[in-house]
Structure formats: C-alpha cells, structure tokens
Amino acid sequence: MSHHVAMTLEATWTARWAGVLLCLAVAAIHVVDQGGITTTRDPYYVGVAYHVLEIAAVVAAVLLLIGLVRAGWLLAAAVAVGPLLGYVLSRGPGLPDYSDDIGNWTEPLGLVSLAVEGVLLLLSVPLFVQSLRRRTY
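Because the structure is predicted, anything quoted here is derived from the model rather than measured.

Calculation notes
- All residue numbers refer to position in the chain's written sequence, counted from 1.
- For this predicted model, a pLDDT threshold of at least 70 governs which residues receive local features, and a threshold of 80 or more governs which side-chain atom pairs are given and counted, while totals over whole chains, interfaces and linings are taken from all residues.
- Hydrogens and waters are ignored; side-chain quantities use all the structure's heavy atoms.
- Secondary structure elements are taken from DSSP: a helix is a run of H or I of four residues or more, a strand is a run of E of two residues or more, and numbering for both begins at the N terminus.
- Ring pairs are drawn from Phe, Tyr and Trp, using the six-membered ring of Trp, whenever the two centres fall within 6.5 Å, and their geometry is named by plane angle: stacked under 30 degrees, edge-to-face over 60, tilted for the rest.
- Here the term buried applies to any residue with accessible area under 20% of the maximum for its type, exposed to any over 50%, and partly exposed to those in between, with areas from a 1.4 Å probe on protein chains only.
- Like charges within 9 Å and nonpolar side chains (Val, Leu, Ile, Met, Phe, Trp, Tyr) within 5 Å are joined into patches, using only residues over 30% in relative accessible area that form no salt bridge.
- All accessible-area figures derive from a Shrake-Rupley calculation using a 1.4 Å probe, and residue coverage is judged against the displayed protein chains alone.
- For this document, the term salt bridge refers to a Lys or Arg side-chain nitrogen within 4 Å of an Asp or Glu carboxyl oxygen.
- In this analysis, axes come from line fits to C-alpha atoms, helices being fitted only over the stretch in contact, and the angle between any two N-to-C directions falls in the range 0 to 180 degrees.
- When describing relative orientation, an angle under 35 degrees is termed roughly parallel and one over 145 degrees roughly antiparallel, while 65 to 115 degrees is termed roughly perpendicular and anything else oblique.
- For a crossing to be left-handed, the near helix must be turned anticlockwise from the far one by less than a right angle; the clockwise case is right-handed.
- Any pair of residues with heavy atoms lying within 4.5 Å of one another is described as a contacting pair.

**Student:** Sorry if this is basic, but what is going on with unusual backbone geometry here?
**Tutor:** Across residues other than glycine, the phi torsion is negative in most instances, and most of the peptide bonds are trans. Cis geometry marks the peptide bond from Asp-42 to Pro-43; its omega dihedral reads -5 degrees. Relative to the elements of secondary structure, Pro-43 occurs in the loop between helix 1 (3-34) and helix 2 (44-66). The backbone of Asp-97 sits at a positive phi, close to 60 degrees, despite the residue not being glycine. Within the secondary structure, Asp-97 is located in the loop between helix 3 (69-91) and helix 4 (108-134).

**Student:** Looking at this model, I keep getting lost on the packing of aromatic side chains. Mind explaining?
**Tutor:** Following the criterion strictly, the structure yields two aromatic pairs and no others. Seen in terms of ring centroids, Trp-13 and Trp-17 are 5.8 Å apart; in terms of plane orientation they differ by 85 degrees. Their pairing is edge-to-face. Residue Trp-13 and its partner Trp-17 are both found in helix 1; the two are separated by four residues, about one turn of the helix. On the basis of relative accessibility, which here comes to 38%, the residue Trp-13 falls in the partly exposed class. Judged by relative accessible area, Trp-17 falls into the partly exposed class, the value being 36%. On the basis of an interplanar angle of 65 degrees and a centroid distance of 5.9 Å, the ring pair of Tyr-87 and Trp-105 is categorised as edge-to-face. With Tyr-87 in helix 3 and Trp-105 in the loop between helix 3 and helix 4, the pair connects residues that are 18 residues apart, well separated along the chain.

**Student:** What is the right way to look at a nonpolar patch on the surface in this model?
**Tutor:** Together, Trp-13, Trp-17, Leu-21, Leu-24, Val-58, Val-62, Leu-65, Ile-66 and Leu-68 give the surface a local cluster of nonpolar side chains, amounting to about 790 Å² of exposed area. Those elements that place two or more of their residues in the nonpolar patch are helix 1 and helix 2. Relative to the helices and strands, Leu-24 is located in helix 1.

**Student:** What is the right way to look at the packing of helix 2 against helix 3 in this model?
**Tutor:** Two measures define how a pair of helices packs: the angle their axes make with one another and the distance between the axes. The geometry of helix 2 relative to helix 3 is characterised by a closest axis approach of 8 Å and an angle of 150 degrees between their N-to-C directions. Regarding the angle of helix 2 to helix 3, the classification is roughly antiparallel. Remark: the crossing between helix 2 and helix 3 carries left-handed chirality. Of the residues in helix 3, those in contact with Leu-53, Ala-56, Ala-57, Val-59, Ala-60, Leu-63 and Leu-64 of helix 2 are Val-69, Ala-71, Gly-72, Trp-73, Leu-75, Ala-76, Val-79 and Pro-83.

**Student:** Help me understand the pattern of salt bridges in this model?
**Tutor:** Side-chain pairs of opposite charge can arise whenever the charged atoms involved come near each other. Tallying each qualifying case throughout the model produces three salt bridges. One salt bridge connects Arg-41 with Asp-33, and the closest N-O pair in it is separated by 2.9 Å. The class of Arg-41 is buried, set by a relative accessible area of 17%. Between Asp-101 and Arg-91 there is a salt bridge whose closest N-O contact spans 3.8 Å. With Asp-101 in the loop between helix 3 and helix 4 and Arg-91 in helix 3, this pair connects stretches of sequence that are 10 residues apart. Like Arg-91, Asp-101 is buried. Linked through salt bridges whose partners overlap, the residues forming this network are Arg-91, Asp-101 and Glu-107.

Set out below in structure tokens:
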C-alpha cells in the first residue's frame, strides 16, 4: 500500500470516527434535555421528534462505523440540521402548543447542542458530497 493511500484511509477513518462521536453526542444531549430515554417531552410531537432524532443519530453512527459512508454522512447531515432548525423555530416564533423556549437563546445545553450540530454539519456535508464523486456506497 502506498503512503498516499495509507494517509487517505487514515484520514477517512478519522473523519468517520469524528462523525460517529458527534452523532452520539447529539443523541446524548437530547436524551439529557428530554429527561431520559423513557421520557417524552410535551407537546407529544416534540417528544416524538426527540426520539426520532436520537434513533437517527445512532443509526448514522452505525452506518459510518460499518462503512456505508454515503448513507451515513447524509443521515448525519440531517441529524445536524433537524435540531438546528428546531432550535431556531422554538426560540424564535415558537412551535404549535410549545412556547416555553421563545427567546431562550442562551440556554447552556442548547448552546452546546448548537456547537456539536454545527461541527457535525460542517463535517458531514463535504464528506457526503465527496462520497457522491467517488461512487462509493
């Protein structure tokens, strides 16, 4: 194996591990925010969205670990974008039957979540695009 190929494989593996850890961090942050795995936030649709996000984050991490990088990076990007959008909507105009967080832009856990999701988005989008160019599945 050439030095260039070894460096590329190592960089790819490092990026995948970073994606795995960031996806799991998004899931963990939202489990903490909702009060545990078995708890569902009110209103019900927000609680369901939390559970869907957490499951999607774990699935994305697994896909990246097993080498299904195209699907893994695409799902990781969605895992990053979903809560970013939810944060803006819940703190800005509010969501139907959910106005508790309107104006609460500086909640510490929310800021940590934004940072993790932002890094995950910056990592996953270019690597997803790169996976399209390589024809790897």
